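Each chain, written out:
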Amino acid sequence: MIAAILIILIFIVLSVLMVLKKISALMAMPIMAVFIALAAGCFSGMPLWGRKGFCVADFIFSDVIASGSFRLAEAMTYAIFGAVLSQIVQKTGIAEQLVRTAAELAGDRKFTVAVVLTFASAIVFGSLTGLGGFIMVSSLVLPVMTAAGISPVLASSLVLFSLSIGGIFNPSNWGFYKNALSISLDTIKHFSISYAVLLSICCAVFLICEYAKEKKKFFWAVSRSGQERNLTPWALITPILPILLIVNPLYPMPVVPAFIIASLYGALIVNFKKSINLITSSFIEGIKDIAPVIGLFIGIGMLLNAVSSEVVSLLMKPFLQSVIPSSKTGYVLFFFILAPLALYRGPFNLYGLGSGFAAVAVSTGILSPQAVMGAFLSVGQIQGICDPTNTHNVWIAQYMKISAEDILRKTIAYVWGFVLISLIYSVFFLGVLK
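Just so it is clear, the structure is predicted and the values come from calculations on it, not from any experiment.

**Looking at the environment of valine 247**
Right, so step 1: Secondary-structure assignment places valine 247 in helix α12 (residues 241-247).
Right, so step 2: Valine 247 gets classed as partly exposed once you look at its relative accessible area, which sits at 42%.
Right, so step 3: Sequence separation between valine 247 and glycine 133 is 114 residues, and the spatial gap between their C-alpha atoms is 10.0 Å.

**What about the packing of helix α4 (residues 73-91) against helix α13 (residues 255-270)?**
Right, so step 1: In contact at an axis separation of 9 Å, α4 and α13 are set at 15° when each is read in the N-to-C sense. In terms of orientation, α4 and α13 fall into the roughly parallel class. For the pair α4 and α13, the crossing hand works out as left-handed. Contacts between α4 and α13 pair Thr77, Tyr78, Phe81, Gly82, Val84, Leu85 and Ile88 from the former with Val255, Val256, Phe259, Ile260, Ala262, Ser263, Gly266 and Ala267 from the latter.
Right, so step 2: Per-class residue counts for the contact of α4 with α13 are 11 nonpolar, four polar and no charged.

**Observations regarding the packing of helix α10 (residues 185-214) against helix α20 (residues 404-428)**
For any two helices packed against each other, the geometry comes down to the angle between their axes and how far apart the axes lie.
Right, so step 1: Direction vectors running N to C along α10 and α20 enclose 150°, while the axes themselves pass 10 Å from each other. When the axis of α10 is compared with that of α20, the two are roughly antiparallel. For the pair α10 and α20, the sense of crossing is right-handed. Of α20, the residues touching α10 (which contributes Phe191, Ser194, Tyr195, Leu198, Leu199, Cys202, Val205, Phe206, Cys209, Glu210 and Lys213) are Lys410, Thr411, Tyr414, Val415, Phe418, Ile421, Ser422, Tyr425 and Ser426.
Right, so step 2: Considered class by class, the residues forming the contact of α10 with α20 number 13 nonpolar, four polar and three charged.

Conventions we followed
Residues numbered from 1 in each chain as written. Predicted model: local features only at pLDDT ≥ 70, side-chain atom pairs only at ≥ 80, totals over all residues. Heavy atoms only, no water. Helix = DSSP H or I, 4+ residues; strand = E, 2+ residues; numbered from the N terminus. Buried < 20%, exposed > 50% of the residue type's maximum accessible area, 1.4 Å probe, protein only. Axes fitted to C-alpha atoms, helices over the stretch in contact; angles between N-to-C directions. Parallel < 35°, antiparallel > 145°, perpendicular 65-115°, else oblique. Left-handed = near helix turned anticlockwise from the far one by under 90°. Contact = heavy atoms within 4.5 Å. Nonpolar A, V, L, I, M, F, W, Y, C, P; charged D, E, K, R; others polar.

Shown next as structure tokens:
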């Protein structure tokens, strides 16, 4: 019990320091990972030094730091090739022409632009998975939103809302709940429809309220150059070409090849003679742009390895058994009040300590699998939309030149409200605590 409390205190202290900007996420993630692993290793009875595979030092150095550094290697690769495509789209003038056209068509109708693009993105994210797909969609949508006069923070938040709304319907997420909690697909579909509607309402309220605050402002995502180029319509499809390659029914292409083909296509069709130099410079500058994101991915990977380890899960089990509620009121209040613990890979984050929490909650029999799903599908939206340690949030903040914590502060109150409403709905309309 003491070990679990210590682990949670480590998580809370470093999370608060990140929110207050006393320490950067780049430093906080690996520090949190090492201290959690150290606390878990010491309290589990492991010797500090000794036999390889069974000592605190090996747990920290091998399992957390070494293996964790590579855990998000796939996400890093997506980010690099997405950055290369982004450089080509900008250097060729494709982004500028898309932005200029969008601004001219939108005029002062930026609210309509925001609604349409958020809705369209949510539909795409219903079938698209992974950071690579997210980068492609965001790289297309964000410049159009900001060109219409939507601030970078609001535009980023809307894209993250659309990611979560679409993600609720995504079959890959259904498979997780089906396998982890042994819930039927019919039940999952029922949950998904209900929660997607509630989250869409939350997104609408968020947009209306935040739009009212900034409707007199105007923001440009791409700087205007003195020389404007008129490109062919064939060149303008470059940003959406990877999406078309991935979702086509004849041969759904993997993400990285889709990025490469789109990059080659954009470079060749705009300026064939200089395409080699363009691709080379885009690759170099793309990696340079994405370097801070890769650094964060390394730290997040370390933290994931620490909190998802068997050592940490076993230490958290007694604590979780003692605090899991069984009454309807307790269920709602418990998960609502503590919902922010889904942030920073905390106890309610299925990609962090939450995986152990969910397993313990079901195994103890205090909560049914449906109740666990209802709770984690609710609080999971705080993680999905607000969490600065999400790879999606990290990338979008870097792309838009803002802080991931700015997105957290902008969205947390609205998503927290959704958590309360969805938990009440789960108890009184879906009957998860019969």
